[in-house]
Amino acid sequence: MTNNINHEIKTPVGIIRGYLESILGDPEMDDQTRTRFLERMMTNVERLTSLLNDVSTMTRLENGADMIAVESVNMHDLVYQIEYDLPANNLAGKMEFQFDIPLDCEVTGNYSLLNGMVCGLIKNSALYSGGTEIHLNMIF
């Protein structure tokens, strides 16, 4: 796991460094290119922030797993609410989101963590898959 985290963090850091070196190495860079580079750096800073938040969450889960409140959660209702909110939060970007989860699908877990997990899957699909559709299916 440490190697995966290391790799995931090194990628955006390397990208940011490359853009910074380009900007610093070309003081006469045109404004449009500089702005594009700064926007790409901001995207990767946001990715780094998300990764560090994930590491923090994993650490808290490992250290206090027995302290996390669990309850019966209806996964269909949870994902339905996420789907309903997608236009407002633009989590899926331009991708179409569909899900197939039985109406009576009850799981034992923490509502907030399950919600974060599904939102993270949608967000990562939109950011990194290059696709046009996101499908979430419950497989038994």
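Calculation rules
Residues numbered from 1 in each chain as written. Predicted model: local features only at pLDDT ≥ 70, side-chain atom pairs only at ≥ 80, totals over all residues. Heavy atoms only, no water. Phe/Tyr/Trp six-rings, centres within 6.5 Å; stacked < 30°, edge-to-face > 60°. Helix = DSSP H or I, 4+ residues; strand = E, 2+ residues; numbered from the N terminus. Buried < 20%, exposed > 50% of the residue type's maximum accessible area, 1.4 Å probe, protein only. Salt bridge = Lys/Arg side-chain N within 4 Å of Asp/Glu carboxyl O. Patch = residues over 30% accessible without salt bridge, like charges linked within 9 Å, V, L, I, M, F, W, Y side chains within 5 Å. Areas by Shrake-Rupley, 256 points an atom, 1.4 Å probe, with all protein chains shown as cover. Lys, Arg positive; Asp, Glu negative; His and termini not counted. Charge placed at Lys NZ, Arg CZ, Asp CG, Glu CD. Contact = heavy atoms within 4.5 Å.

(A) Structural context of the packing of aromatic side chains. Under the counting rule described, the total for this entry stands at two aromatic pairs. Taken together, a centroid distance of 4.8 Å and an interplanar angle of 50° make the contact between Tyr19 and Phe37 tilted. One end of the pair, Tyr19, is in helix α1 (residues 2-25); the other, Phe37, is in helix α2 (residues 31-64), with 18 residues separating them in the sequence. A relative accessible area of 21% means that Tyr19 is categorised as partly exposed.

(B) Representation of the pattern of salt bridges within the structure. Tallied over the entire structure, the rule returns two salt bridges. For Glu8, the salt bridge is made with Arg47, and the minimal N-O distance between the two is 3.4 Å. Within this pair, whereas Glu8 is found in helix α1, its partner Arg47 is found in helix α2, the two being separated by 39 residues in sequence. Between Arg17 and Glu21 there is a salt bridge whose closest N-O contact spans 2.9 Å. Of this pair, Arg17 and Glu21 both sit in helix α1, four residues apart, which is roughly one turn of that helix. Note on Arg17: relative accessible area 56%, which makes it exposed. Residue Glu21 is classed as partly exposed on the basis of its relative accessible area, which comes to 46%.

(C) Examining a negative patch on the surface more closely. A surface patch of like charges, here negative, comprises Asp26, Glu28, Asp30 and Asp31. Tracing the backbone shows Asp30 in the loop between α1 and α2.

(D) Seen up close, the environment of Tyr111. Secondary-structure assignment places Tyr111 in helix α4 (residues 111-128). Measuring from C-alpha to C-alpha, the distance between Tyr111 and Val73 comes to 6.4 Å, with 38 residues separating the pair along the chain. Every residue in contact with Tyr111, bar those within four places of it in the chain, is listed here: Glu71, Val73 and Leu78.

(E) Region of interest: the environment of Val73. Mapped onto the elements of the fold, Val73 is located in strand β1 (residues 71-74). For the pair Val73 and Leu114, spaced 41 residues apart in sequence, the C-alpha separation works out to 8.8 Å. Excluding residues that lie within four positions of it along the chain, Val73 makes contacts with Leu78, Cys105, Glu106, Val107, Gly109, Tyr111 and Leu114.

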